[in-house]
Amino acid sequence: MITAKEARELSVPAKERAAELEPLIRDAAARARTSITVRGWWAENAHAGSEEWVSAKRYLESLGYRVEAQAEERQFVDVQVIVRWGA
């Protein structure tokens, strides 16, 4: 029997969110890049620490990616998420 945590990580929303990044990852990999930087939903939810963000992040990590949110706080908070697959 899988745990509730494992079930959340396997949830459809996490897979759908990760699938949104696949074209970006494929394009970057074709250009010999080893990471992408994304904003929008990824950045907003990373900054908020939402459960859906954590689940999507863990799902990507289970596929071998490294996912990191970076925030720069000035007058406003600028958040970006970096997805890496290279060294």
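Residue indices begin from 1 for each chain and proceed along its sequence in written order. Totals for whole chains, interfaces and linings use every residue, but because this is a predicted model, local features are given only for residues with pLDDT of at least 70 and side-chain atom pairs only at 80 or more, for both listing and counting. Side-chain figures throughout are based on the complete set of non-hydrogen atoms in the structure, without hydrogens or water.

Colleague: Which residues make up the sheet that holds strand β2 (residues 66-73), and what are the values?
Modeller: The strands making up a sheet associate through hydrogen bonds between their backbones, and the pairing can be parallel or antiparallel. A pair of strands counts as paired when DSSP detects no fewer than two bridges linking them. Only DSSP runs of H or I covering at least 4 residues are called helices, and only runs of E covering at least 2 are called strands; the numbering of each starts at the N terminus. Read from one edge of the open sheet, 3 strands run β1-β3-β2, paired in antiparallel fashion. At either end of the open sheet lies a strand with only one pairing partner, and these are β1 (35-38) and β2. Ignoring which end each strand starts from, the neighbouring axes of this sheet average 20° apart. Here β1 pairs with strand β3 (residues 77-84) via 4 bridges, running antiparallel. Looking at β3, one finds that T37 is bridged to I82. Helix α3 (residues 41-48) rests against β1, β2 and β3 of the sheet, and its axis sits at about 110° to β3. Axis definition: a line fit to C-alpha positions, over the contact stretch in the case of helices; interaxial angles, taken between N-to-C directions, run 0 to 180 degrees. By definition, residues are in contact when any of their heavy atoms lie within 4.5 Å.

Colleague: Please provide a residue-by-residue account of the nonpolar core, values included.
Modeller: For this analysis, a nonpolar core means a set of buried residues of the types Ala, Val, Leu, Ile, Met, Phe, Trp, Tyr and Cys, connected via side-chain atoms within 4.5 Å. To sort residues, take the accessible area from a 1.4 Å probe on protein chains only and compare it with the maximum for the residue type: under 20% means buried, over 50% means exposed, and anything in between is partly exposed. Within the largest apolar cluster, 17 residues are counted, with the highest numbers of intra-cluster contacts made by L21, I36, W42, W53 and V81. Elements that contribute at least two residues to this core include exactly α2 (12-30), β1, α3, α4 (51-62) and β3. It is α2 that contributes the most residues to this core, 5 residues altogether. Ignoring any residue separated from it by four or fewer positions in sequence, one finds V81 in contact with I36, T37, V38, W42, A43, A46, W53, V67, E68 and A69.

Colleague: Give a detailed account of the packing of aromatic side chains, specifying residues and quantitative values.
Modeller: Pairing of aromatic rings covers Phe, Tyr and Trp, the last counted by its six-membered ring, and requires centre-to-centre distances within 6.5 Å; plane angles under 30 degrees mean stacked, over 60 mean edge-to-face, and any other angle means tilted. Overall, the coordinates contain 3 aromatic pairs when judged by the stated rule. An angle of 85° between the planes, with centres 5.9 Å apart, marks the rings of W42 and W53 as edge-to-face. Of the two residues, W42 is situated in helix α3 and W53 in helix α4; the sequence distance between them amounts to 11 residues. Taken individually, W42 and W53 each receive the classification buried, so the pair is uniform in this respect. Aromatic ring contacts, followed pair by pair, group W41, W42 and W53 into a single cluster. The ring centre of W41 lies 4.0 Å from the NZ or CZ of R17, which sits over that ring. Any Lys NZ or Arg CZ that is within 6 Å of a ring centre and within 35 degrees of that ring's normal is treated as a charge sitting over the ring.

The quantities given are spatial measurements derived from coordinates; they are silent on function.
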